[in-house]
Amino acid sequence: MKLVFLLLFAGAVAYVQVPVVSNYSDFITGVEEGHPTALRLEGDDIEYGAMIHSWIYQEVMPLDAEHFLFMNEVFESPAKDRKQAKGVAYVCLCQKGDLVSILERWKDGQKSLNDYARFDCKFKNIPSRAEFFKGDSFWKGLQPLKKITELQTHTESVQLAQNIDILVFKNVHNPTKKVLKIAYDMPLDKVVKVVEDESFLTSVKSDDNQELLVNQQPAKGWKALFPDWKDYKQLNSGFWGEPGQTKHLEKGRYSNSFVIAPNPTQAYKVKGQTMCLVQTPQTQSKTIQNLPLNQGRRIIKGDVYLDYGERIKYGVNGLVDAEQKVTVTFSADIPISAITAFDVHSGKELATANQAPFELLIPYNASEINLKVEYPALKRVRVDFETVGH
């Protein structure tokens, strides 16, 4: 599936008034019929023996006949002060069948930690009832389709027709399938990283044009549609924790593996694309306001949205007793030229660093700072490859 196709389909539903229903049966009907639909629920329930009051808002936007964007916010407040009020928001890309299956179980009151395992999600905590969504359409406010158009406008394309290696292996986990590994030299200078969500095979065919690709990955560049979600984080599709990442770019050579159906003739016609972030000669800067350092704790970690869906990570490593300052370190997947910290109230410069490792000594009494981050401007480049292998 290509993002262009998503645009053609979803353009018709982007700004239609979203009907709001009050029960799961009507909400499921909206999903099954492929309509933008929202659900609002409020009520009391018993959780671990304690009565809680819950507010629920869910909304779907169809991207095509089988893929939906799904937003789910839940805020719970105890009837008595036995525990702290809490909330969480999930935003997911999901397939229609999986979504309907989950909603059917939720309708019957069956919930599980694994409910989101088949979805591709981001999440954030909701610390107060005031932050619970109250608008008339979550997706209308974010305008995701407009952002898709902007990304396409700023994407260059490079055709690759040589130096492509194809290797085929047996799938040890499933003998009825094979694994195709494709590799090539990246025809670009200063590639910062591969955008894995937008790098996939579009077609693998045998010499008689039989489609051999199994579980083709859809275009998931939807995550880059939400540059304002500074507080959203990647949700691990397994159990809680940091999802593992595979480096597909080593020493300027891209490689990735895909599951395909067996092919008796061992001849393959392969098409695909790899999306990259490439460093340019231009520089740019971003100001991050009110970055919390939480002075009551000696060791904290956090991250803040920076650019192109990437985040700058920071950590307070400890107190420098002699100077009554704390050491704050910074890192990011995209290259950084300089980092400068300023006092939130006076605007006074507190510290600066212009080379790695980026470490700033910040006065101990500074509970939050403003940050200016300078880095090379990046551009998106899509490498399209096509080859025949045996």
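See above for the structure.
It should be emphasised that the depicted structure is a prediction, and the values quoted were computed from it without experimental measurement.

Cut-offs and rules
Residues numbered from 1 in each chain as written. Predicted model: local features only at pLDDT ≥ 70, side-chain atom pairs only at ≥ 80, totals over all residues. Heavy atoms only, no water. Helix = DSSP H or I, 4+ residues; strand = E, 2+ residues; numbered from the N terminus. Buried < 20%, exposed > 50% of the residue type's maximum accessible area, 1.4 Å probe, protein only. Contact = heavy atoms within 4.5 Å. Pairing = 2+ DSSP bridges. Core = buried A, V, L, I, M, F, W, Y, C linked by side-chain atoms within 4.5 Å. Phe/Tyr/Trp six-rings, centres within 6.5 Å; stacked < 30°, edge-to-face > 60°. Lys NZ or Arg CZ within 6 Å of the ring centre and 35° of its normal.

**Student:** What am I meant to see in the overall build of the protein chain here?
**Tutor:** Looking only at helices and strands, the protein chain has five helices and 22 strands in total. Burial statistics for the protein chain: of 390 residues in total, 46% are counted as buried. When contacts within the protein chain are restricted to residue pairs at least 6 apart in sequence, long-range pairs at least 24 apart make up 68% of them.

**Student:** I would appreciate a short explanation of the pairing of strand E4 (residues 67–78) in the present structure.
**Tutor:** The two faces of the sheet receive side chains in turn, since in a regular strand these alternate between them. Among the twelve residues that make up E4, eleven are buried, leaving the element largely enclosed by the rest of the structure. With eleven bridges joining them, strand E3 (residues 50–62) and E4 adopt antiparallel strand pairing. Its bridge partner being in E4, tyrosine 57 is matched across the sheet by glutamate 73. Where E3 hands over to E4, the hairpin turn is made up of four residues, counted between the paired strands. As paired strands, E4 and strand E5 (residues 86–95) are joined by ten bridges and run antiparallel to one another. Residue pairing for E5: glutamate 73 is matched across the bridge by alanine 89.

**Student:** Help me out: how do you make sense of unusual backbone geometry in this one?
**Tutor:** Glycine aside, residues mostly have negative phi angles, and peptide bonds mostly take the trans form. Omega for the peptide link from alanine 356 to proline 357 comes to -5°, which places this bond in the cis form. Topologically, proline 357 is positioned in the loop between strand E20 (349–353) and strand E21 (358–363). The phi angle at asparagine 209 is positive, at roughly 70°, despite the residue not being glycine. One non-glycine residue, lysine 251, lies in the positive phi region at around 55°. Within the secondary structure layout, lysine 251 lies in the loop between strand E13 (249–250) and strand E14 (253–260).

**Student:** What exactly am I supposed to notice about the nonpolar core here?
**Tutor:** Soluble globular proteins: nonpolar side chains tend toward being buried together. Grouped together as the largest cluster of nonpolar side chains are 29 residues, with contacts concentrated most on Phe330, Ile339, Leu360, Ile362, Leu371 and Val373. Among the secondary structure elements, those contributing two or more residues to this core are strand E15 (268–292), strand E17 (310–320), strand E18 (325–332), strand E19 (338–343), E20, E21 and strand E22 (368–389). If you tally residues by element for this core, the top one is E22, at five residues. Isoleucine 339 has contacts with Ile312, Phe330, Ala351, Thr352, Ala353, Phe358, Leu360, Leu371, Lys372 and Val373, leaving out every residue within four places of it along the chain. Among the nonpolar cores identified, the runner-up in size contains 25 residues, and Leu160, Ile166, Ile182 and Phe385 belong to it.

**Student:** Quick question: what am I supposed to make of the packing of aromatic side chains here?
**Tutor:** The description of an aromatic ring pair rests on the distance of the ring centres and on the angle between the ring planes. For the structure shown, the criterion picks out 13 aromatic pairs. Ring centres of tyrosine 184 and tyrosine 254 lie 5.3 Å apart, and the angle between their planes is 45°; this geometry places the pair in the tilted category. Here tyrosine 184, found in strand E9 (residues 178–185), pairs with tyrosine 254, found in strand E14; they are 70 residues apart in sequence, far enough to count as distant. For tyrosine 184, a relative accessible area of 0% puts it in the buried group. Of the residues examined, tyrosine 254 reaches a relative accessible area of 1% and is grouped as buried. Centroid distance tyrosine 184 to phenylalanine 385: 5.3 Å. Interplanar angle 50°. Geometry classified as tilted. One end of the pair, tyrosine 184, is in strand E9; the other, phenylalanine 385, is in strand E22, with 201 residues separating them in the sequence. Here tyrosine 184 and phenylalanine 385 have matching classes, each one buried. Feature note: the residues Phe70, Tyr90, Trp106, Tyr116, Phe119 and Phe123 constitute an aromatic cluster, connected by ring pairs. Cation over ring: arginine 129 sits above tryptophan 55, and NZ or CZ is 4.3 Å from the ring centre.

Remember that the coordinates give geometry; whether it matters functionally is a separate question.
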